[in-house]
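Coordinate inspection notes
Below, each chain spelled out in residue letters.
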Amino acid sequence: MLVGKRMTRNPITARPEDSVTDVRELMRREKVTHLPVLDRQKRLVGILTEKDLVRVSPSPATTLSIWEINALLSKLKVDQVMTREVITAVPEMPIEDAARIMADKDIGCLPVVESGRLVGIITESDLFKLFVELFGARQKGLRLTLLIPEKRGELAELTSAISRQGGNIIAIGTFLGEDAESGVCTMKVEGIGRDALTALVEPLVLKVVDVRET
């Protein structure tokens, strides 16, 4: 899966000369938390986030009135508040690379550029939606969590055994295990009863950690 397939195209943007008050209202109205900032030549020059707005907003303990607060914010421009060093992605980037960058840099989005033009934005919300799909969270089935040995062919043997018994694997994912010699496998299966599926996989894994209907 590539970023271009999951990004939001034609994202809402701001301009450097926009007032913070106007942009804050735009973000509230459009229910977005990140705004790429484009100059008059449509070049990406910054990113504005809710965190940036919180940073420049008066403390709740302020003695200023709401009118005084709005007056102060209206004088602030986006280019005074935005983050200028923007980390970006390209449409051809694997989605997991985008997720890794966002996690490593502790950021909530990546503007997506192509040939110098902003073509989209990939956000945490997009990744959450993909996560739901990857684990078949909207489909009914038996969800297994298995501790498996870290050896070649283990997953192939496990999935083949389920298939031979008429099971259909809706989703599957692997994670780091308790040590270097084990891994955790989570899968969702339909077409086999709980007891039969548990009995089938037990001889093939180190431990059946959890089995539940979802």
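Cut-offs and rules
Residues numbered from 1 in each chain as written. Predicted model: local features only at pLDDT ≥ 70, side-chain atom pairs only at ≥ 80, totals over all residues. Heavy atoms only, no water. Helix = DSSP H or I, 4+ residues; strand = E, 2+ residues; numbered from the N terminus. Buried < 20%, exposed > 50% of the residue type's maximum accessible area, 1.4 Å probe, protein only. Contact = heavy atoms within 4.5 Å. Pairing = 2+ DSSP bridges. Axes fitted to C-alpha atoms, helices over the stretch in contact; angles between N-to-C directions. Core = buried A, V, L, I, M, F, W, Y, C linked by side-chain atoms within 4.5 Å.

Examining the environment of leucine 197
Tracing the backbone shows leucine 197 in helix H9 (residues 194-201). With relative accessibility at 0%, the residue leucine 197 sits in the buried group. Expressed as a C-alpha distance, the spacing of leucine 197 and glycine 167, which sit 30 residues apart in the sequence, is 8.5 Å. Residues in contact with leucine 197, not counting those within four places in the same chain, are Leu142, Leu144, Ile162, Val189 and Ile192.

Looking at the sheet that holds strand S1 (residues 8-9)
With respect to topology, 3 strands assemble into an open sheet ordered S1-S5-S4, the strand pairing being antiparallel. Since the sheet does not close on itself, it has two edges, and those belong to S1 and strand S4 (109-114), each with one partner. Both S4 and strand S5 (residues 117-123) contribute to a ladder of 6 bridges, which runs antiparallel. When the sheet's bridge partners are listed, proline 111 is paired in S5 with isoleucine 121. The strands touched by helix H6 (residues 95-105) within the sheet are S4 and S5, with S4 carrying the most contacts at an inclination of about 130°. Against the sheet, helix H7 (residues 124-134) touches S1 and S5, its axis set at about 55° to S5.

What about the nonpolar core?
If you look at the biggest cluster of nonpolar residues, it comprises 16 residues, and the most contacted ones within it are Leu144, Leu146, Leu158, Ile162, Met187, Leu197 and Val201. Breaking this core down by element, the ones donating at least two residues are strand S6 (142-149), helix H8 (154-164), strand S8 (182-190) and H9. Counting residues per element, this core draws most heavily on S6, at 4 residues. Dropping the residues within four chain positions of it, leucine 146 is found in contact with Leu158, Gly183, Val184, Cys185, Val201, Val205, Lys207, Val208 and Val209. In this structure, Met7, Ala89, Ala98 and Ile122 belong to the second largest nonpolar core, which totals 14 residues.

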